[in-house]
Amino acid sequence: MTADLLAHFPPGAEPRPAQRRLLEALGAAIEEEHAAEGPRIFTVEAPPGVGKSHLALTLARWSGDAYLLTSQKLLQDQYEREFGDAVQLVKGRENYVCERYPVSARVTTTHGLCRRRGAPMCQCPYARAKQAALNGPIFCTNTAYFLTLRQWQHEHLRPRHVLVVDEAHNLEAQLVRVFTVAFAPDQMREWFGGPLPRFGGADDYRMLFEDHVSRLRMELTLIDDRLASLRPPGLIDDDYFLAYPLSASEQALLGQRDLLESALTRLQFFLDAEHTEWVVRYPSEIDATLELVPLTVSAMAPALLWDAAELVVLSTAFMGRPEAIAGYFGLEPAAVRAFTSESPFSVEQRLIKYQPVGTLSKATLSELEPDLFDAVAAILSAHPTEKGLIHAASYAAARRLLADLAARGPALYHRVLFVESSEAKGRALEQHRTASAPTVLLSPSLREGVDLPDDFLRFQIITKVPYPDLGDPWTAARQERDPRWYALETAKALVQTYGRSCRHAHDHGVTYVLDAQFARFLQRYRPLLPAWFREAAEPAVRAAKARRS
Ligand code: SF4
């Protein structure tokens, strides 16, 4: 028997052929394995254009009892726009405004009046959204918030029938972030009297922090006492209580309290998790943040994710073989089953042009950058009236390219919108979309989560194969433990970047690749890469070889 998933396809939409095939295969597998013991994990790998959000919603609607997680709040908004009442959406409390303050004050529920000790609760937009999600058939939120609720806020999120994780290629990194202990420079000054020492290993920090934990707990109690002393006297009546605004001192103390409590919770987890391997990330700059990062999350994933539902569906464009996923997330390989789809777009709509300037690495960079910049300038000139996107290797590399383009004259330079930080992304994208000029975005952080269909992106340039930075101690440790993990992360980044070029059936966009590492990577890790990527990449490499010979 087959679970009839198609009957639950979102109303008003017609399933595309690729969606139909995937839903039929998933429906058959659901029934086949219905009696299986332990967690059941399905991975659904489908390239851009297949319509993964419709697949996710179909599964959630079929189950009638689902968690539906997106990787970013932007995608969560997309679910809200596209599916409206079908999902019960909730975000972190900082996204809602406390209704006890005038709207113009824009005080979020993080600093709502009920945060005062002993305060009565009322029903604000946050409380209402959360309750609706808890009671509703499809609890839709972003993955980070869901993991925080489960791990740190001890919310009772009862097991559901289905858990769907969208954009799941980032799941390991998101889990790692949940457990990372971080002390920013101002927190070190506040809680430890100055920068923490630089030790080589996590065990040294364990000894150091064991001495500090009880003192920090006392600090938390002192903040609570100060908050109690600032509480206006005589607030007996609930309505009066909730009409009495928090003073600036109370707000500041509440902020400190939240930060310290959150740091202590993670610190205690670190101290208790002696059998987990931890990596120290503490850059050499003076004002650096100290982070203690778990090397893997295979021990933590089961309680956080696999126990949340009978069936877990991890959906994305590409995330790797089932046995690799099982290894990273503490699963038996037999528990993971993969479903894949080809691209619905012809290769002509999503061409790759491989124009190598040389093998880019730290050692060759200064020698090759002039050629790289020439190649970028030539591509910009070849697309004088079209909008595009340049993927830089880093912010520093992007700045060097920008300076080079500026030196070539205003025509090229004025087209470029440099996205100087991940916070600046939203503004730059808006500027790009609204500008009538053929603007070109330049950034190392637009490889994923960016939808630039049609004339918003007719060409993009991958200046360097996106190998994760081995200068980061966590990445280096993870690579040393498992070189194939490193290759898979590179493949995922490459595939995500390529996925920006063509977004729907009538779209088209060309991807230029300028780093000679591309051909080597393709040859060496061919079995890792999805077929729909190879069918554009391999002809591009062959064409480049033919041009050279
Ligand atoms: S006081 Fe009421 S409206 Fe304000 S955050 Fe608390 S529950 Fe929400």
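Residues numbered from 1 in each chain as written. Predicted model: local features only at pLDDT ≥ 70, side-chain atom pairs only at ≥ 80, totals over all residues.

Asks: Help me understand the overall build of the chain, please; the structure alone is not making it clear to me.
Replies: Along its length, the chain carries 20 helices and 16 strands. Considered along the principal axes of its C-alpha atoms, the chain spans approximately 85 × 60 × 50 Å. Pairs at least 24 apart in sequence give 76% of the contacts found in the chain among residues at least 6 apart. (Helix = DSSP H or I, 4+ residues; strand = E, 2+ residues; numbered from the N terminus. Contact = placed C-beta atoms within 7 Å.)

Asks: Help me understand the sheet that holds strand S7 (residues 278–281), please; the structure alone is not making it clear to me.
Replies: Either a parallel or an antiparallel arrangement is found when strands of a sheet pair, and the pairing is made through backbone hydrogen bonds. With antiparallel pairing, three strands are arranged side by side in an open sheet as S6-S8-S7. Each edge of the open sheet is held by one strand with a lone partner, namely strand S6 (181–183) and S7. Between one strand axis and the next, the sheet turns through 15° on average, direction left out of account. Looking at chain direction, S6 and strand S8 (residues 290–294) are connected through three bridges and run antiparallel. When the sheet's bridge partners are listed, phenylalanine 183 is paired in S8 with leucine 290. (Pairing = 2+ DSSP bridges. Axes fitted to C-alpha atoms, helices over the stretch in contact; angles between N-to-C directions.)

Asks: Got a minute to help me understand the site of the ligand in this structure?
Replies: The environment of the ligand is formed by 13 residues, the closest being Cys98, Gly112, Cys114, Cys122 and Cys124. Its residues assigned to classes, the shell around the ligand comprises nine nonpolar, two polar and two charged. (Near = placed C-beta within 6 Å. Nonpolar A, V, L, I, M, F, W, Y, C, P; charged D, E, K, R; others polar.)

Asks: Could you clarify how one ought to interpret the nonpolar core in this entry?
Replies: One recurring pattern in soluble globular proteins: nonpolar side chains tend to sit buried together. The biggest cluster of nonpolar side chains holds 111 residues, and the ones touching the most others in it are Leu68, Leu163 and Val164. Discounting chain neighbours no more than four positions away, the residues touching leucine 68 are Ala56, Ala60, Val87, Ile138, Phe139, Cys140 and Val164. Within the second largest apolar cluster, 10 residues are counted, among which are Leu267, Phe270, Trp278 and Val279. (Core = buried A, V, L, I, M, F, W, Y, C linked by C-beta atoms within 7 Å. Buried ≥ 20, exposed ≤ 12 C-beta atoms within 10 Å, placed from the backbone.)

Asks: What am I meant to see in the sheet that holds strand S3 (residues 88–89) here?
Replies: Read from one edge to the other, the open sheet built from seven strands follows the order S3-S4-S2-S5-S9-S1-S10, with strand pairing classed as parallel. Two strands in the sheet have a free side with no partner beyond their single neighbour: S3 and strand S10 (336–340). In terms of strand pairing, strand S2 (residues 66–70) meets strand S5 (residues 160–166) through four bridges, oriented parallel. Residue pairing for S5: leucine 69 is matched across the bridge by valine 165.

Asks: What exactly am I supposed to notice about helix H8 (residues 202–230) here?
Replies: Taking 1.5 Å per residue as the helical rise, H8 with its 29 residues ought to reach 42 Å, and the 39 Å between its terminal C-alpha atoms agrees with that figure. Of all the bends in H8, the greatest, near 35°, is centred on histidine 212. (Expected span 1.5 Å × (residues − 1). Bend = angle between axes of the 7 residues up to and from the residue.)

Asks: Even after reading the chapter, I still don't get the environment of alanine 519, so can you show me in this structure?
Replies: Structurally, the position occupied by alanine 519 is in helix H19 (residues 517–524). Between the C-alpha atom of alanine 519 and that of alanine 263, which follows or precedes it by 256 residues, the distance is 45 Å.

Asks: Looking at this structure, how should I read unusual backbone geometry?
Replies: Most peptide bonds adopt trans geometry, and most residues besides glycine take a negative phi value. Phi is positive for glutamate 167, close to 50°, though the residue is something other than glycine. Phi is positive for aspartate 454, close to 50°, though the residue is something other than glycine. By secondary structure assignment, the location of aspartate 454 is in the loop between strand S14 (440–443) and strand S15 (459–462). Under the C-beta neighbour-count criterion, aspartate 454 is labelled partly exposed, with 14 such atoms within 10 Å.

Asks: Sorry, what's going on with helix H4 (residues 125–135) here?
Replies: The α-helix advances 3.6 residues per turn, and as a result positions three or four apart in sequence lie on the same side. Those residues of H4 that fall on the buried side of the exposure criterion are Tyr126, Lys130 and Ala133. Buried residues of H4, seen end-on, are gathered within an arc of 65° and therefore sit on one face of the element. Summarising the contacts, the buried residues of H4 are in contact with S3 and strand S4 (138–142). (Arc of directions from axis to C-beta.)

Asks: What am I meant to see in the pairing of strand S12 (residues 388–391) here?
Replies: Side-chain direction in a regular strand flips from residue to residue, so the side chains alternate between the two faces of the sheet. On S12, burial covers both faces: Gly388 and Ile390 on one face and Leu389 and His391 on the other are all buried. Summarising the sheet, S12 and S14 pair through four bridges and their orientation is parallel. Residue pairing across strands places isoleucine 390 opposite leucine 442, the latter belonging to S14. Judged from the four bridges that link them, S12 and S15 form a sheet pairing that is parallel. Bridge pairing links isoleucine 390 to isoleucine 461 in S15.

Asks: Would you explain the environment of valine 416 in this entry?
Replies: Looking at the secondary structure, you find valine 416 in strand S13 (residues 416–418). Taking the C-alpha atoms as reference points, valine 416 and proline 11, separated by 405 residues in sequence, lie 42 Å from one another. Among all residues touching valine 416, those that are not within four sequence positions of it are Leu402, Leu405, Val440 and Leu442.

Asks: Is there a simple way to explain the packing of helix H13 (residues 365–382) against helix H14 (residues 395–407) in this structure?
Replies: The relative placement of two packed helices comes down to the angle between their axes together with the axis-to-axis distance. Packing of H13 against H14 leaves a shortest axis separation of 10 Å and a crossing angle of 65°. In this structure, H13 crosses over H14, and the sense of that crossing is right-handed. Contacts between H13 and H14 involve Glu369, Phe373, Val376 and Ala377 from the first element and Arg400, Leu401, Asp404 and Leu405 from the second. Residues of the contact of H13 with H14, tallied by class, amount to five nonpolar, no polar and three charged. (Left-handed = near helix turned anticlockwise from the far one by under 90°.)

Asks: How do you make sense of the pairing of S15 when you look at a structure like this?
Replies: With burial as the criterion, each face of S15 is covered, one bearing Phe459 and Ile461 and the other bearing Gln460 and Ile462. In terms of strand pairing, S15 meets strand S16 (residues 510–515) through four bridges, oriented parallel. The residue of S16 that forms the bridge with glutamine 460 is threonine 511.

Asks: Help me understand the environment of proline 468, please; the structure alone is not making it clear to me.
Replies: Positionally, proline 468 belongs in the loop between S15 and helix H17 (473–481). Here proline 468 falls in the partly exposed class, since 17 other C-beta atoms lie within 10 Å of it. Spatially, the C-alpha atoms of proline 468 and valine 450 are 20 Å apart, while their sequence positions differ by 18 residues. Those residues in contact with proline 468 that sit more than four places away from it in its chain are Thr475, Tyr486, Glu489 and Thr490.

Asks: For this particular structure, what's the right way to read the packing of H8 against helix H10 (residues 248–272)?
Replies: One can describe the packing of H8 onto H10 by two numbers: an axis separation of 9 Å at closest approach and a directional angle of 155°. Accordingly, the angle class assigned to the pair H8 and H10 is roughly antiparallel. The crossing of H8 and H10 is left-handed. The residues of H10 that touch H8, namely those facing Arg206, Phe209, Glu210, Val213, Leu216, Arg217, Glu219, Leu220, Ile223, Arg226, Leu227 and Leu230, are Ser249, Glu250, Leu253, Leu254, Gln256, Arg257, Leu260, Glu261, Leu264, Leu267, Gln268 and Leu271. A per-class count over the contact of H8 with H10 returns 13 nonpolar, three polar and eight charged. (Parallel < 35°, antiparallel > 145°, perpendicular 65-115°, else oblique.)

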